[in-house]
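Analysis of the macromolecular model
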Amino acid sequence: MKKFVLIVLGLLAAGMSATAGEKTFALATAGEVDAAFAERVRVRLEEHAGVAVRMAPAIPLEAGQSLEAIGRAAAATLGENDHSILVLVRPTDEQPQGVCLPHERFAALNVARLEAGADVEHVERRAVQEGLRTMSMLLKMAPCPFPLCVLVGYEKVEDLDRMSGNFCPPCQDRFTRYAREANLRLVEPAAVEAAPAVE
């Protein structure tokens, strides 16, 4: 009986330590980015990517601060169980659409650029698409040539509205494999309710 109890306790401890060592992506905001918008983006990133994404505290934004500086400040807040951080930024001045530096473990997306000619729903979709793209870059994945993949190249922010919001099946498999190799905590996709029958 004692052996059985010790074996069970050993297995539980091993399971807990494996979970404790798993990493997550962090998502933060900087500048005037709505917290509810950021939470919706976080949930959709987690659903589409299949990896854990946690909300991190907001990053203070100083006037004239570059996206690189914001990203570096965000990366300095990463905990031991964070893989990297994605920051949704509303800068106070003209900034590029985004920056991603995998070797420094951060990406920063300019939300103001994503708003060009879009309603709230499209801005959220664009943020999720760009989030998926930068998360894949943070895992050192390459772009995809398949036109129905979120990782295909584009020229203007408006092109995102015509692009897929998901990985193609090979890229989803590759993303999951890279996530496992990076010891990211995988999450099950949310259950999809069946559509009601049409009479």
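Residues numbered from 1 in each chain as written. Predicted model: local features only at pLDDT ≥ 70, side-chain atom pairs only at ≥ 80, totals over all residues. Heavy atoms only, no water.

Looking at the sheet that holds strand 3 (residues 82-90)
Pairing is mixed in the open sheet, where five strands are placed in the order 2-1-3-5-4. The strands lining the two open edges of the sheet, one partner per strand, are strand 2 (53-55) and strand 4 (98-101). On average, adjacent strands in this sheet sit at an angle of 20° to one another, irrespective of strand direction. Helix-sheet contacts for helix 5 (residues 120-138) involve strand 1 (24-31), strand 2, strand 3, strand 4 and strand 5 (106-110), and the interaxial angle to strand 5 is about 160°. (Pairing = 2+ DSSP bridges. Helix = DSSP H or I, 4+ residues; strand = E, 2+ residues; numbered from the N terminus. Axes fitted to C-alpha atoms, helices over the stretch in contact; angles between N-to-C directions. Contact = heavy atoms within 4.5 Å.)

Digging into the side chain of R42
When you line up the elements, R42 lands in helix 2 (residues 35-49). In this view, R42 contacts L27, V53, R54 and M55; residues no more than four positions away in its chain are not counted.

As for the pattern of salt bridges
For the coordinates displayed, the defined rule picks out 12 salt bridges. With a closest N to O distance of 2.7 Å, E124 and R40 form a salt bridge. Remark: R40 occurs in helix 2 and E124 occurs in helix 5; sequence separation between them is 84 residues. The class of E124 is buried, set by a relative accessible area of 11%. Classification of R40 as partly exposed rests on a relative accessible area of 35%. R42 is paired through a salt bridge with E46; the nearest N and O atoms lie 3.3 Å apart. With R42 and E46 both in helix 2 and four residues apart, this pair spans about one turn of that helix. Looking at R42, the relative accessible area reads 14%, which means it is buried. Here the residues in one salt-bridge network are E39, R42 and E46, joined through shared partners. (Salt bridge = Lys/Arg side-chain N within 4 Å of Asp/Glu carboxyl O. Buried < 20%, exposed > 50% of the residue type's maximum accessible area, 1.4 Å probe, protein only.)

Looking at the environment of V33
Locating V33 in the fold gives a position in the loop between strand 1 and helix 2. For the pair V33 and A58, spaced 25 residues apart in sequence, the C-alpha to C-alpha distance is 9.4 Å. In this structure, V33 is in contact with L88, V89, R90 and V111, ignoring residues within four places of it in sequence.

Here we look at helix 5
Under the 1.5 Å per step criterion, the end-to-end length of helix 5 is 26 Å for 19 residues, consistent within 8% with the ideal 27 Å. Burial runs high along helix 5: 14 of the 19 residues are buried. Taken from the residues just after helix 5, K140 is the one with a positive phi, measuring 70°. (Expected span 1.5 Å × (residues − 1).)

Points about the pairing of strand 3
Across the nine residues that make up strand 3, a large majority, eight, are buried. Direction of pairing for strand 1 relative to strand 3: parallel, over a ladder of eight bridges. Note that in strand 3 the partner of A28 across the bridge is V87. In this sheet, strand 5 lies alongside strand 3 in parallel orientation, the contact comprising five bridges. Pairing of L86 across the sheet is with A107, part of strand 5.

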